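Per-entry structural report
If you want the building blocks of each chain, they are given just below.
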Amino acid sequence: MIRQHKCIALFSGGLDSILAVKHMERLGYQVKAVFFETPFFEAESALQAAKANEIDLQVIDVLPQYLQVLENPRYGYGKNMNPCVDCHGFMFRMAAELLTETGADFLISGEVLGQRPMSQRKDAMNAVAKLSGVKDLLVRPLCQQFLADTLPIREGWVDKAEMLDIQGRGRQRQLDMAREFGVTEFQNPAGGCKLTDIKYSRKLKDLLLHKQLNDDTIKYLKYGRHFRLNEHTKLIVGRDKAENEHLSLLTTDEIVVKTVDFHGPLGIICKTGTVTETELKTAAGIVLRYNNNVDNEAEVAWGENFSLNNIIKVEKYTPAEVQELMIK
Ligand code: SF4
């Protein structure tokens, strides 16, 4: 039976979000799946899962809007820098903005009551709904039996009896459904979110504390060792050849630091404004520390846009000096 009302699905690529889409499609609803992308959670795996399961997925970049959530989440962070409750609320709010242009009537997601400690408790789910500003338009097909009726149910667009009653951390029912729908490829829950990673979160927190959170600084977070030189300046040093290559592709007008006569890591100085001599010497000393070909002292070239026309001679920093400045 073709249903008259359409919905937008928040899609993560995880099994539950795939099952929510499949369940609604089987009931005859037209479902539009969306993935809101930022550098913290990239679309690649979700696209892969969507393709494998024949789900048409739209990816939308939301970084500028998401930064506001990340900087000041009303419900705080999880174990690391993951503001899961606010993040879900934000996603629903973004999805709601698509309702008119897509001709959809309500929103769905694959949340399961009590599955994850923070974001899927009943009070947290209520908070998500409240934050989204579209509380009354949300349906959670996998556990709606336990939840208060929202507009789509009260209006009869969705029959509550057809919604499911999955709850808790067990996965058996989802695995049975996966078998039934032929779903074999999906992403691990939260596996793709860097905000749940402790090391990534520390580097992110440092940017936040120093009010340097923007596109230019975020792009470096997944590469290299990071050092805080002072309030305004940080240094990133590549850990291996692959990272040096990634870093060199990312740089625009940052100062690059590199040993002159020996192969070794690349250093990128991130700072708005002119870099001081002290900062350069510190950056060069750290870069030398990670160059095994240098004994103690060496010449280091530096400049913008890989025009490494300036040379300074510095001593290698000691392990203790480097540790003191490392963001860890
Ligand atoms: S794990 Fe990451 S993407 Fe998922 S809700 Fe939490 S912060 Fe958002």
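Residues numbered from 1 in each chain as written. Predicted model: local features only at pLDDT ≥ 70, side-chain atom pairs only at ≥ 80, totals over all residues. Heavy atoms only, no water.

Digging into a positive patch on the surface
Short version of the rule: Patch definition: residues with relative accessible area over 30% and no salt bridge; like charges joined within 9 Å; nonpolar side chains (Val, Leu, Ile, Met, Phe, Trp, Tyr) joined within 5 Å. With residues, only the protein chains shown are counted as cover, and all accessible areas are computed by Shrake-Rupley using a 1.4 Å probe. Any Lys or Arg side-chain nitrogen located within 4 Å of an Asp or Glu carboxyl oxygen qualifies as a salt bridge. In this tally, Asp and Glu contribute negative charge and Lys and Arg positive charge; neither His nor the terminal groups of the chain are included. All charge positions are set by atom: Lys at NZ, Arg at CZ, Asp at CG, Glu at CD. A run of H or I in DSSP becomes a helix once it reaches four residues, and a run of E becomes a strand once it reaches two; helices and strands are each numbered from the N terminus.
On the surface, a cluster of positive charge is contributed by R74, R93, K130 and K135. Position of K130 among the secondary structure elements: in helix α6 (residues 122-132).

A word on the pairing of strand β8 (residues 255-259)
Convention followed: Buried means the residue's accessible area, taken with a 1.4 Å probe over protein chains only, is under 20% of the maximum for its type, while exposed means over 50%, and partly exposed covers the values in between. Should DSSP find at least two bridges between two strands, the strands are taken to pair.
Burial analysis of β8 places four of its five residues in the buried class, the great majority of the element. Bridging between β8 and strand β9 (residues 266-270) involves four bridges; their strand directions are antiparallel. Along β9, the bridge assignment pairs I255 with I269. Once β8 ends, the chain turns through six residues before running back antiparallel as β9. With five bridges joining them, β8 and strand β10 (residues 297-304) adopt antiparallel strand pairing. When the bridges of β10 are listed, V256 appears paired with G303.

Here we look at the pairing of strand β3 (residues 57-61)
Just so we agree on the cut-off: The definition of a right-handed crossover adopted here requires that, viewed with the strands pointing away, the path from the first strand over the helix to the second runs clockwise.
Here five bridges tie strand β2 (residues 30-37) to β3, and the two strands are oriented parallel to one another. When the bridges of β3 are listed, F35 appears paired with V59. Note that the unit made of β2, helix α2 (residues 44-52) and β3 has a crossover that is right-handed.

As for the domain arrangement of the chain
Filter applied, for reference: All the domain ranges listed were derived from an automatic or database domain assignment. We call two residues contacting when some pair of their heavy atoms lies within 4.5 Å. Joining two parts hides part of their accessible area as seen by a 1.4 Å probe, and the buried area is that hidden amount summed over both. What qualifies as a polar contact is a pair of N or O atoms within 3.5 Å, subject to a donor-acceptor requirement within protein and to the restriction that residues adjacent in sequence count only when both atoms come from side chains. Three classes are used: nonpolar for Ala, Val, Leu, Ile, Met, Phe, Trp, Tyr, Cys and Pro, charged for Asp, Glu, Lys and Arg, and polar for all others, with Gly counted as polar.
For the chain, the domain assignment lists domain 1 (6-194) and domain 2 (197-325). The straight-line distance from the C-alpha centre of domain 1 to that of domain 2 is 39 Å. Contacts between domain 1 and domain 2 engage twelve residues on the former and twelve residues on the latter. Carbon and sulfur atoms supply 71% of the area buried between domain 1 and domain 2, which totals about 1100 Å² over both sides. Its largest share of buried area at the contact with domain 2, domain 1 owes to N80, M81 and K194, together 50% of the area lost on that side. Remark: the boundary between domain 1 and domain 2 carries one salt bridge. Linking K222 and E42 is a salt bridge whose minimum nitrogen-to-oxygen distance equals 3.4 Å. At the boundary of domain 1 with domain 2, the tally comes to three residue pairs in polar contact (both at pLDDT 80 or more). Among the residues making up the side of domain 1 that touches domain 2, the classes are represented as eight nonpolar, one polar and three charged.

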